[in-house]
Amino acid sequence: MRANDKKHLKKVLDQIEVQESSTHFEQRIYQDWQRTVAKTEKPNHGLSEVLVLARLHPKLTALIAFVVIAASILLGQHLIASQDDELHRIDALSELSLSTI
Amino acid sequence: MTLFPSKQHRIEQALLKRAVAGDSKASKEVIHLLSSPAYSLSWKMLGNKEDAEDVVQEAFIRLWKSADSFAGKSGLFTYFYAIVSNLCLDRIKSINKGFFEEFDEIEHQPIKEIEWSIAEGVSPESIKKAMDVLSSKQRMAMLMWAYQDMTAEEVGLAMGMNKNSVDQLLYRAKLKLKMELEKGESHASE
């Protein structure tokens, strides 16, 4: 009964023609959004700007964090390895100097 | 309304959150999704372009500002229509200042089936006139229920009423509309 009622009424109400909205109506709403959101989200300093960006792009933030961590690990390994080489070289040099003495 | 948000409601909630966090793509999606049906509803409520556009613009500003209160327990449409409906009713009140608007009786009457025997060819003007005879609350409930295809529960959520009161409001609105349309029809045939 209610479904039929609804169908019938929808048919009746659809006959009232709606005047088209202005051409830039959605654009105006978008501008309002820019003003409203910019007012509440405007960062005060550089760090908050980074935080707002991070909140907006969580996937990109995770990727950047992963790349930074991986790069730090590789750099650390490289530094440790090069330090070992340096120690070996110093050892060899001191042995050589001792043998010459 | 359910206790926990459904999947669709969670998607809408996430979309609105992104829009409010400053994501312009999400905001455009929300605007595109809601603006046109909300404009049609407001236009049918208020009857002119300027008022309808003003109401929808104001409703969006309220939506951005109150996005945190949208918990996803109802759909985004229902949440937004609640804002639009309040703004439309406020505007009608301010336009009709000083004029008496029919009070929607609260006593409950048994809801009976309504026989629709109105001919197909009722003119849009007669329909508009008949709609104008309804009280603003009846008109709003009728438009949300029949034109926007919302359920009585959703209409209740949007208008801050329980389902029984919405059913009563709709029943009285339908009776009145039917009577007005039949009156219009008999005038036309005379």
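Each residue is numbered by its place in its chain's sequence as written, counting from 1. Working convention: letters from A go to chains and numbers from 1 go to ligands, in the order in which they are written. Given that this is a predicted model, residues contribute local features only at a pLDDT of at least 70 and side-chain atom pairs are listed and counted only at 80 or more, while totals for whole chains, interfaces and linings are drawn from all residues.

With respect to the overall build of chain B
Secondary structure summary: chain B contains eight helices and zero strands in total. Strands here mean DSSP runs of E at least two residues long; helices mean DSSP runs of H or I at least four residues long; both are numbered from the N terminus. The order of helices and strands in chain B, counted from the N terminus, is α-α-α-α-α-α-α-α. In this scheme the burial state of a residue depends on its C-beta neighbours within 10 Å: 20 or more other such atoms mean buried, 12 or fewer mean exposed, and anything in between means partly exposed; the C-beta positions come from the backbone. Looking at the 190 residues of chain B, the share that counts as buried comes to 39%.

Quick word on the confidence of the model for chain B
Mean pLDDT for chain B: 84, with 83% of residues reaching 70 or above. Highest mean pLDDT in chain B belongs to helix α3 (residues 49-65) of chain B (95); lowest belongs to helix α8 (residues 163-189) of chain B (83). A residue's pLDDT is the predictor's confidence in that residue, given on a scale from 0 to 100.

A word on the confidence of the model for chain A
Note: predicted coordinates in regions of low pLDDT should not be interpreted at a detailed level. Mean pLDDT over chain A: 82, with 86% of residues reaching 70 or higher. Looking at the elements of chain A, mean pLDDT is at its lowest for helix α3 (residues 46-56) of chain A, recorded as 69, and at its highest for helix α4 (residues 58-100) of chain A, recorded as 87.

What about the environment of V133 of chain B?
Residues and elements named next belong to chain B. Secondary-structure assignment places V133 in helix α5 (residues 124-133). Judged by C-beta crowding, with 15 C-beta atoms within 10 Å, V133 ranks as partly exposed. Spatially, the C-alpha atom of V133 lies 9.5 Å from that of A173, the residues being 40 residues apart in sequence. A residue pair is marked as a contact if its C-beta atoms, positioned from the backbone, fall within 7 Å. The contact partners of V133, leaving out residues within four places of it in the chain, are K176 and E180.

Considerations on the packing of helix α2 (residues 24-46) of chain B against helix α4 (residues 76-95) of chain B
Residue and element names in this part refer to chain B. Note on definitions: angles span 0 to 180 degrees between N-to-C directions of axes, and those axes are lines fitted to C-alpha atoms, for helices only across the stretch in contact. Their axes nearest at 10 Å, the elements α2 and α4 cross at an angle of 30°. By the criterion of interaxial angle, the relationship of α2 to α4 is roughly parallel. Handedness of the crossing formed by α2 with α4: right-handed. Side by side, α2 and α4 meet where L34, A38, L41, S42, M45 and L46 of the first sit next to F77, F80, Y81, V84, C88 and R91 of the second. Working definition: roughly parallel below 35 degrees, roughly antiparallel above 145 degrees, roughly perpendicular at 65 to 115 degrees, and oblique for all remaining angles. Left-handed describes a crossing whose near helix is turned anticlockwise from the far helix by less than a right angle; the clockwise case is right-handed.

Some points on the nonpolar core
Considering soluble globular proteins, one finds that nonpolar side chains tend to be buried as a cluster. Here, a nonpolar core means buried Ala, Val, Leu, Ile, Met, Phe, Trp, Tyr and Cys residues linked by C-beta atoms lying within 7 Å of one another. A59, F80, V84 and A141 of chain B are the most contacted members of the largest nonpolar core, which has 57 residues in total. Discounting chain neighbours no more than four positions away, the residues touching V84 of chain B are A38, L41, S42, V55, V56 and A59 of chain B.

As for the interface of chain A and chain B
Of the residues lining the interface, 28 residues belong to chain A; the matching set on chain B comes to 32 residues. For the side of chain A that touches chain B, the elements supplying multiple residues, two or more each, are α1 (2-14), α2 (25-41) and α3 of chain A. If one sorts the elements of the side of chain A that touches chain B by residue count, α2 of chain A sits on top with 10 residues. Looking at the side of chain A that touches chain B, its residues break down into 13 nonpolar, six polar and nine charged. Throughout, the ten residues Ala, Val, Leu, Ile, Met, Phe, Trp, Tyr, Cys and Pro are labelled nonpolar, Asp, Glu, Lys and Arg are labelled charged, and all others, Gly among them, are labelled polar.

Quick word on α4 of chain B
All names here are of chain B. One less than the residue count of a helix, multiplied by 1.5 Å, gives the span that helix is expected to have. Compared with an ideal rise of 1.5 Å per residue, which puts 20 residues at 28 Å, α4 spans 28 Å between its outermost C-alpha atoms and is within 8% of the ideal. Regarding α4, the residues found buried are L76, T78, Y79, F80, Y81, A82, I83, V84, S85, L87 and C88. Tucked inside the fold, the buried residues of α4 contact α1 (7-21), α2, α3, α6 (136-147) and α7 (152-159).

Observations concerning the environment of M159 of chain B
Residue and element names in this part refer to chain B. Inspection of the secondary structure puts M159 in helix α7. Taking the number of C-beta atoms within 10 Å as the measure of exposure, M159 has 20 and is therefore buried. A C-alpha to C-alpha distance of 8.6 Å links M159 and K137, two positions 22 residues apart in sequence. For M159, the contacting residues outside a window of four places in its chain are S85, M140 and A141.

Some remarks on α1 of chain B
Since the α-helix turns once every 3.6 residues, residues separated by three or four places project in the same direction. All names here are of chain B. Taking 1.5 Å per residue, 15 residues should reach 21 Å; α1 reaches 21 Å between its end C-alpha atoms and fits that length. All buried positions along α1 are accounted for by H9, E12, L16, A19 and V20. Angularly, the buried residues of α1 cover 95° about the axis, an arc narrow enough to put them on a single face. Opposite the buried face of α1, by more than 90 degrees, sit the exposed residues K7, R10 and A14. Just downstream of α1 lies G22, where phi reads positive at about 115°. Working definition: the arc comes from the directions between the helix axis and the C-beta atoms, pointing outward to the latter.

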